[in-house]
Every structure is written in structure tokens, then in C-alpha cells.
Amino acid sequence: MHDSRDSITIALAGNPNSGKTTLFNQMTGHRQHVGNYPGVTVEKKDGFCRHKGSAIHVVDLPGAYSLTARSPEELAARNFLFDEPPDVIVDILDASNIERNLYLYTQLLELNIPLVIALNMSDMAKSRGIEFDLKKLSQLIGAPIIPTVAHKGRGVDELLDAVVSTAKQEGEYKPAPINLGRDIEKEIEKIQKLIVAENTLPAKYNPRWASIKLLENDPEIWGIVSSPDLRTAVNQSVARIEQVFGDHPEIVIADQRYGVISGACQEAIRLTVEARHTYSDKIDEVLTNRILGVPIFLLLMYVVFQFTFTFGAYPVTWLENGFLLLGNFLRSLAPNQADNILFSLIVDGIIGGVGGVVVFVPNIFLLFLAIAILEDSGYMARAAFNMDRFMHKIGLHGKSFIPMLIGFGCSVPAIMATRTLENRRDRFTTMLVIPLMSCGARLPIYTLIIPAFFPLAWQAPLLWIIYLIGVLLAIGGARLLRATLLKGDNDPFIMELPPYRLPTWKGISIHVFERTWMYLKKAGTIILAISVVIWALMYFPVKEEFDRDYEAESAQAEALFLDGLKHIHSIVDMEVSFEQFRDELEDHGGKSEIHHDESMQAFQEILHDIRNARDSFNQTIQQENIQEKSLDFVHMERMLDSTLMEIERRSPLLYSAAIQYLDELKKPFEEKRREIERSKHAEKLSYSMAGRIGRGMEPALKPLGFDWRIGTALLGAFAAKEVFVAQLGIVFSLGESEEHSDALRAQLRREYTPLTAFCIMLFCLIAMPCMATIAATRLESGSWKWALLQLVGLTAFGYGVTFIVFQTGRLFGLGI
Amino acid sequence: MMANHPESILQEEIIPLSLVETGRSVRLAFINGGRELRSRLADMGLVPGMELRVIRNTGGPFIIAVKNSRLALGRGMAQKILVR
């Protein structure tokens, strides 16, 4: 089938938990590629390895119990085997669980593709008292069997030897499919003959396999049968089988297959004791205990959450600071950066946007590390079971719980974590409602608004209520989706519980790096593009003519400042020239070049001490949350006064000059400069597309109690939720840093009612998931359709809810 | 031999799996469900005649052993599986 005899393609098949992925990792190491099977969202993994001069292309098929068309995974695996038949299929069997694992093998035998069996975890089976007569077993089932211990890398060379020699075997491959019993074989033969005679089925399906699938009522194969004769013949055969056996053909065939397997195993395997599960069963008695199971799970989840977000906070801060430094460094390169489009694009658009997403990499890394450990150890199956009773009631799977919990931290890793859900309906439902779990980036919005509008006693309960609303809406949304778009029966809950195992470093590291890399790749593509678009919306059109003459204003302020400084210089009456005095105070010239003057040094020291005393006063007030006019506050004030008095005693003249400099000169000048900067920024933003869109949206936002300024800030929130706060600061021409948030709160209080404030929080909670979320949904669902549905659906939903709340509130005069 | 043992008479009766005590072994008789469900269960080894051992039936997940592997079932599912 392949042109080059030196290049071999093999497919790895096997049940879930058979060690398939471990073996794949052993074979290919990090030379892997993850993609999707055409048209479906099933993950396709492939990789390369070399073995004794042969290049081997390894495809890791999704884990499956069978080759029916029932799940997208099984269908994808099956289609791959027909569309791009590999040279060899390696079927991985868990040696301790060989009878059930061989069931898939009996179906692979019917595909007409050479097979090699990897009898995995053979060491464990042996130590548990299972003895194999490999030669006999190989004869009975008709394929070479190589014992392997995948997680230790044992047997991989021998397996590849067998693969290469099987692939290079001369002559036609003649498999011996298992005999399904006289009655069924008779029917298969009839149908097979008809298929060959009619020749209407695609040539890739071998006739025997197609016949069996038709008997088994396989919807995929039935769908391509157009011949009425064939349909009638199959229906007659089905009826005959049902009459003879009293059951549907697929059950009878399954029964026959198990029978043959059982026979072969009885001849070739000796089971002395069944012990593998004893330790696992003991652990399960605790971890899935009726009373302890759920609390242990919740505790573990708490640990995972803390691990991800508390541990991750440090590297996240480093990255944030790194991006800040990078931005400032680039800014310093361009002297006239304010008017430089390229610099604005790079610094504000790309570094701001992509950097804002890349900073979450440590969280993603730690989270997937925790998930990989939970999964590889076998706990995840138990966790799903523990939560299933509760999650079932809201139409979700037990495994949905973990992604939803992660959603409280950040929607992006949460959406990526839905990969653990096998069922497509469960997965998409979970993915779509995850943004309703209030993520960490929304917290700054709440902490800005709640203290501005609500009394202290209400603040904590209100925050809790906002989170609760999110959870309740997520539950409602999930039920709604399961009743409409993603309708379908719940999968019957049956799950294999793999024995607990110690995870291997190799397996975990491959898993974690793969996920982290995918996240980074996304930041480099979709998020980069959206960041540039949002930046452009805020930047263009550029305002050339401003309402105020900012340049003249800042020149005026500068002149005023210098005049004041001259005056102070004359008061202190020192030897240093005014230029030196200015440079040293304003930190202009290099300090070492200035010769030291005693009175200058004393003045500097006094300035420094006053600043220190005031800073430490403010810091204490803030840190200990001391209320103004409280006893503690008065006490602190007295302490500050006495410190200042002591400084004054050193030199009353210099002290009064220093106070004058700080309070009457420096402070107003700085404030003026900031005000000019902000007003200019606000004018620019209001003039930009974003500002215009904000204004344009105003009629639509009015019924929610919002004005154009909130609209513009909401546009910024699409880039990242926390941008809302900064953006609001800009439109109100206030600063965006922490010290100004009180000013912003005061401004908000003047402009809006508590009802509007509540509606802002509600809208930010429900509507417009951030672009990173949309990008993650696009990536994980495999299509823009779901991503757009999430964006539009949640926004419409958020609009509706906020509308109702605002209008009802107004009607009843609540919070106006 | 069966007739001598009072419990073996009980075993011949068909009962739902959910009523089988922890530690007992039974044989699957019939699955009370649609074609789809039955075929899915067959893939996991649950075909008529298969020997099942109840590992746990004391609240929480219902765990059975099928051919040396562990399957966890929902309680509703355990009711649909009839055994003898």
C-alpha cells in the first residue's frame, strides 16, 4: 500500500486504560503532533519514530471498547482505519484484563489489516498470578503477541521488531476472523455474496465486515446502502437470527465473540488468583465512600484550586511585571511615542493584549499538571462518579464539575479542561455555560462597584449573591441547552474504574507541555488578531485637533512650577546654583557629578524624611483599614504630627521650604500634568471608533440604565474583563491606578444609581465573555459556530436579564 | 447440588442487580433497556450469561467486577440489569 518500503504507518488501538497512550509516548517521545480527525472534534495524535532503519509513523487512535458508530471517537477510529489503512494495527491489551480487551481485537480482525498485539502490563499480571502461554494464545487468536511494560519502556523494541517484520511480510495478508457460529455465518455469507455481486458499497469496506455491521444495525453502514434487494436480504437475515436466538443480532454476535475469547483464554491463560484490584478496592472504600467521597473530592478540588491560583500568582506577577517593563522599555526607545502608531500598536495593542493572556500560562501549566495527576492516577473516574448524582440533576455529567469549578479562576483553562468529557453533548453544554462561573478577572469590577454604592454590611453578601447568580444561571443554562440544542438522552452511566496507579513523569510532562503549548499557540494567533482589532478601535480615527490646547497648558504649568521652584531656591539661600538645585530635586542630572553642599544635603534629607513619615502613615491607614475620625486614626495623626515636629526642629527654615515645595508646588503640578494627560486620553477615546460605538450603542443600552461611557468600557471588557475598570477610569478622565479608584468610585456615585451599578455587574457577569474565552471555545469545539453561539447567546441572555432587572427595579423604585 | 442448597434456589430467580448483596456472584440474565443501551453494555462485557461479582452495594457507586475489571454503575442502571 505504501510506495516506500522503509516508511511504515501503524495505528495504535486499544481500550481506554489499556496503557495505549503510555506506549505511544514511549514510542514517539515528544515528537508528537495533535490535531483533529477531519470534520469531528475528536483529537488525533500522531508521531514518528525510527526503528532499525525504518521510519515509523505512529497514529494513536482514540481509546474504544468497540468499533460501532455509537460515539464520535469510535467512528473516527473506524473511519481512519478504512480511509487511510495503516500497514499494521498494534492492538494494546491490558494483560490483567485480557478477556474484555480482546473483544475489540475480534473486531479489528475483521478489517483485513495485519495485526500485532502488545500484551501490556504483563509484569503486573504475572505478579498477580496470571500465567500466559503466549505461543498457544498467539496461535488461537492469529496474531503475534509481544509482552510489554509500557510505563517502564520494556518490550517496546521487541514490539517494533514485530511491527516492522509484519509490515514487510511478503504475500497477501490472510486473517482468520473468528467464527460467529453456524447460524450467523450462514447469514453473513448470504449478505456478503450479495454485496460482492451488486458492488454498490465503497470498495474500502470489506464485504464480510459490512455484512456484520448491517446485521448489527449499524446506522453509518445502513446509511450508504441504496440497494433495496440488499436491504430486504439483511432484514430477512435479521429476522431469522432473532427467531433462532431470541435476541438482536448485535447481542448474539457479541455473545459469540465473548464465547470464542473465553475459550481461547481458558486454553492459554491460567489464573491462579484474582488480586489486582484488592488494593484498589480498599482505596475505593474510602475515596468513593458514601459519606466521605464527596467531602474528599471537594477538599481535593480546593487543593487543586489553591495550587493553581495561589501558587500560580507569583509567576503571573513576574510575567505581568516583565511585560510592563518590556512596554516601558519600548516606549523609552521612541521619544515621541505618543504620536507613534507603530509603538502604540506594539505596546498597547500587542503587548497589552497578548501579554494579558500569556500571563496566565503559569495557571494553565499548574492546572493541567494537577489534572494530569488526577487522571493518570485513576482518580478522575471516581471523582466523576462522586459528583454524578448531583450533576445529573442539572443535565450534566459528573466530570463536568471540575471544568466548572476551574471557571471561577479563569474560563480559558476551564474550557480546555472539558476535554476530559467524552460525550460531545456534555462537553459542549459545559463549555457554553462556563463563562457564567464568575472568573477572577471579573472580581476587580465587583470590588470597584460594590463599595461605591452599597453600605458595608451589604458588601460581602452582595458579592456572594453575584457569584450565586452566576452558578444558578449556569445550571439553568445547562438544562436549557440539554432540552433544546443539545438534546439527547443522558449517556447511561457506566464507567470502568481503572486500578489506581502511580502516574509517570513522562506521561504527565507530555500531557502538560502539550496543553500549555496549545494555549500559547492560541495566544499567538486568534488572540493576537482580536487584540489588534480592539486596539485599532480604540486608536482610530486619531484626533488631531483637541478641544483644549494641551501643549500650551502643560507649558504654562511647567513655567508656573519653575517660578515656584525659583522662589523656594531663594528662600533656602544656598550656595548651589538654581540649575543644580532643580536637577538634584527633579532627579535630572547624574548625582555623582554634583558636588555636595551641606545645606542642599540637609534639605534633601528633610524632604526624604517628610515623605517617609507621610507614606508610612498612609500605608498603615490603608493596611489596617482604619476609618477616618476613629480613635486609632486620631492616634496615628498625633504620631505623624510629632514626627514632623521633630523634623522641623532640625531646621525650621528648610522644613517650611520643604513643605511648601511638596504641598504647594510639586503636588498641584503633578496633578495638573496627570489631568492634562487624562483629559487628552479621554478626548482621544471618545473620538475613536470605540467611543463612537459606545455612543452609537447608547440607545440600546439605555433600557439597561447604561450610558455611552459604560458602553465604551464594555467594549474594552471584551478584550479582558478587568479592562472594564481601567477603561471606565479613562472615559471619566481619572487615573486607572489603585490610588485613584476612590476618586472613580466617587465619580460613579455621582453619575449612577445603585440599580444601574447592580445592572453593570449583572451584565459583566452574564454577557460578552472575553475574547480569550471565545477563542478557547472556537479551538475546543472545532468550529466558529459554537464560539459565536456562546458570544451571541450569552450577550442576548445578559441583555434580557439586565433589562428585566433594571426595568423592574425602576418600576418599584428600588435602588434609584 | 443446586437443589440441596436453599440459596441456589433463590439464585435461579431473576432479580435486579441492585438487590444483590456485596460479595455475591451472579450471572447476567437480561437487560431491561433499549437496543442501543444493550449493545453499549455488550461492548463493555455485559452480555447474557456473563458472570458478575458485586464488589460494593452499600450506597455510593455500585461497583461490579466483570472479567477482572471494575465497572461503576448508576443505581438506575443496576435496576435495569437482571441477573440470576
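Residues numbered from 1 in each chain as written. Chains lettered and ligands numbered in written order. Predicted model: local features only at pLDDT ≥ 70, side-chain atom pairs only at ≥ 80, totals over all residues. Heavy atoms only, no water.

Looking now at the overall build of chain B. Regarding its fold elements, chain B presents 3 helices and 6 strands. For chain B, the succession of helices and strands along the chain, N to C, is α-β-β-α-β-β-β-α-β. The 84 residues of chain B split such that 54% are buried. The long-range fraction of contacts in chain B, counting pairs at least 24 apart against all pairs at least 6 apart in sequence, stands at 54%. Within the structure as shown, chain B displays about 3,900 Å² of accessible surface, and the carbon and sulfur contribution to it stands at 55%. (Helix = DSSP H or I, 4+ residues; strand = E, 2+ residues; numbered from the N terminus. Buried < 20%, exposed > 50% of the residue type's maximum accessible area, 1.4 Å probe, protein only. Contact = heavy atoms within 4.5 Å. Areas by Shrake-Rupley, 256 points an atom, 1.4 Å probe, with all protein chains shown as cover.)

To continue, consider the environment of B:S39. Within the secondary structure, B:S39 sits in helix α2 (residues 35–43). Taking the C-alpha atoms as reference, B:S39 lies 19 Å from B:R75; in sequence the two are 36 residues apart. If near-sequence neighbours (up to four positions away) are discounted, B:S39 is found in contact with A:R70, A:E250 and A:I251.

Time to look at the packing of helix α26 (residues 598–623) of chain A against helix α28 (residues 652–687) of chain A. All names here are of chain A. Contact pair α26 / α28: the axes reach a minimum separation of 10 Å and the direction vectors enclose 55°. Considering their axes alone, α26 and α28 lie oblique with respect to each other. Crossing of α26 over α28 shows right-handed handedness. Note on element contacts: α28 touches α26 through L654, Y655, A657, A658, I659, Y661, L662 and D663, opposite S599, A602, F603, I606, L607, I610, R611 and R614. A breakdown of the residues in the contact of α26 with α28 according to their chemical character gives 12 nonpolar, 1 polar and 3 charged. (Axes fitted to C-alpha atoms, helices over the stretch in contact; angles between N-to-C directions. Parallel < 35°, antiparallel > 145°, perpendicular 65-115°, else oblique. Left-handed = near helix turned anticlockwise from the far one by under 90°. Nonpolar A, V, L, I, M, F, W, Y, C, P; charged D, E, K, R; others polar.)

Bringing the interface of chain B and chain A into the picture now. Counting from both sides, the interface comprises 33 residues of chain B and, opposite them, 40 residues of chain A. A combined buried area of about 3,300 Å² lies between chain B and chain A, and 53% of that area is made up of carbon and sulfur atoms. The salt bridge partner of B:R70 is A:D281, with a shortest N-O separation of 2.9 Å. For the pair chain B and chain A, the number of links is 15 residue pairs in polar contact (both at pLDDT 80 or more). Of all the secondary-structure elements, those providing two or more residues to the side of chain B that touches chain A are α2, β3 (51–56), β4 (62–66) and β5 (69–73) of chain B. (Buried area = accessible area lost by both parts, 1.4 Å probe. Salt bridge = Lys/Arg side-chain N within 4 Å of Asp/Glu carboxyl O. Polar contact = N/O pair within 3.5 Å; in protein donor to acceptor, adjacent residues only side chain to side chain.)

Glancing now at the sheet that holds β4(B). With respect to topology, 7 strands assemble into an open sheet ordered β10(A)-β5(B)-β4(B)-β3(B)-β2(B)-β6(B)-β1(B), the strand pairing being antiparallel. The sheet is open, and its two edges are formed by β10 (494–497) of chain A together with β1 (15–16) of chain B, each paired on a single side. Bridging between strand β2 (residues 25–31) of chain B and strand β6 (residues 81–83) of chain B involves 3 bridges; their strand directions are antiparallel. For B:I31, the partnering residue across the bridge sits in β6(B) and is B:I81. Contacts from α2(B) reach β10 of chain A together with β2 of chain B within the one sheet, and its direction differs from that of β2(B) by about 150°. (Pairing = 2+ DSSP bridges.)

In this section: the nonpolar core. A general tendency of soluble globular proteins is for nonpolar side chains to be buried together. A:F706, A:F724 and A:M761 are the most contacted members of the largest nonpolar core, which has 99 residues in total. With 11 residues, the single largest contributor to this core is helix α33 (residues 754–766) of chain A. Beyond its immediate sequence surroundings of up to four residues, A:F706 is in contact with A:E698, A:L701, A:L714, A:T756, A:C759, A:I760, A:F763 and A:T802. Formed by 86 residues, the second largest nonpolar core is a distinct cluster that contains A:A77, A:Y205, A:C265 and B:M77. (Core = buried A, V, L, I, M, F, W, Y, C linked by side-chain atoms within 4.5 Å.)

Once that is clear, we can look at a positive patch on the surface. Together, A:R290, A:R389, A:K393 and B:R75 give the surface a local cluster of positive charge. If you trace the backbone, A:R290 turns up in the loop between α12 (278–287) and α13 (293–333). A residue is classified by how much of its surface remains accessible, and A:R290, at 59% relative accessible area, is exposed. (Patch = residues over 30% accessible without salt bridge, like charges linked within 9 Å, V, L, I, M, F, W, Y side chains within 5 Å. Lys, Arg positive; Asp, Glu negative; His and termini not counted. Charge placed at Lys NZ, Arg CZ, Asp CG, Glu CD.)

A word on the domain arrangement of chain A. How big an interface is tends to be reported as the loss of accessible area on association of its parts. Domain boundaries assigned for chain A yield domain 1 (7–167), domain 2 (182–271) and domain 3 (550–677). For domain 1 of chain A and domain 3 of chain A, the distance between their C-alpha centroids amounts to 75 Å. (Domains from an automatic or database assignment.)

All names here are of chain A. Mapping D388 onto the fold places it in helix α16 (residues 379–393). A relative accessible area of 7% places D388 in the buried class. Those residues in contact with D388 that sit more than four places away from it in its chain are H397, G398 and F493.

In this section: the confidence of the model for chain B. In the predicted model, chain B carries a mean pLDDT of 81, and 82% of its residues have values of at least 70. Here residues 1–9 of chain B is modelled with pLDDT under 50, and outside its nearest four sequence neighbours on either side it reaches 5 contacts, counting other chains as well. (pLDDT = per-residue confidence, 0-100.)

We now examine a nonpolar patch on the surface. Residues and elements named next belong to chain A. There is a patch of nonpolar side chains on the surface, built from W464, I465, L468 and L472 and spanning about 410 Å² of accessible area. With respect to the element layout, L468 can be found in helix α21 (residues 456–483). A residue is classified by how much of its surface remains accessible, and L468, at 33% relative accessible area, is partly exposed.

What follows concerns the pattern of salt bridges. Any two side chains of opposite charge can pair, on the condition that their charged atoms come close. Taken as a whole and judged by the stated rule, the model has 32 salt bridges over all chains. Close ionic contact of B:R38 with A:D247 constitutes a salt bridge, the shortest N to O distance being 2.6 Å. Here the residue B:R38 occupies a position in helix α2, and A:D247 occupies one in the loop between α10 (228–245) and α11 (249–268), the pair thus bridging two chains. Each of the two residues, B:R38 as well as A:D247, counts as buried. Between A:D663 and A:R614 there is a salt bridge, with the nearest N and O atoms lying 3.0 Å from each other. Placement of the pair is A:D663 in helix α28 and A:R614 in helix α26, with a sequence separation of 49 residues.

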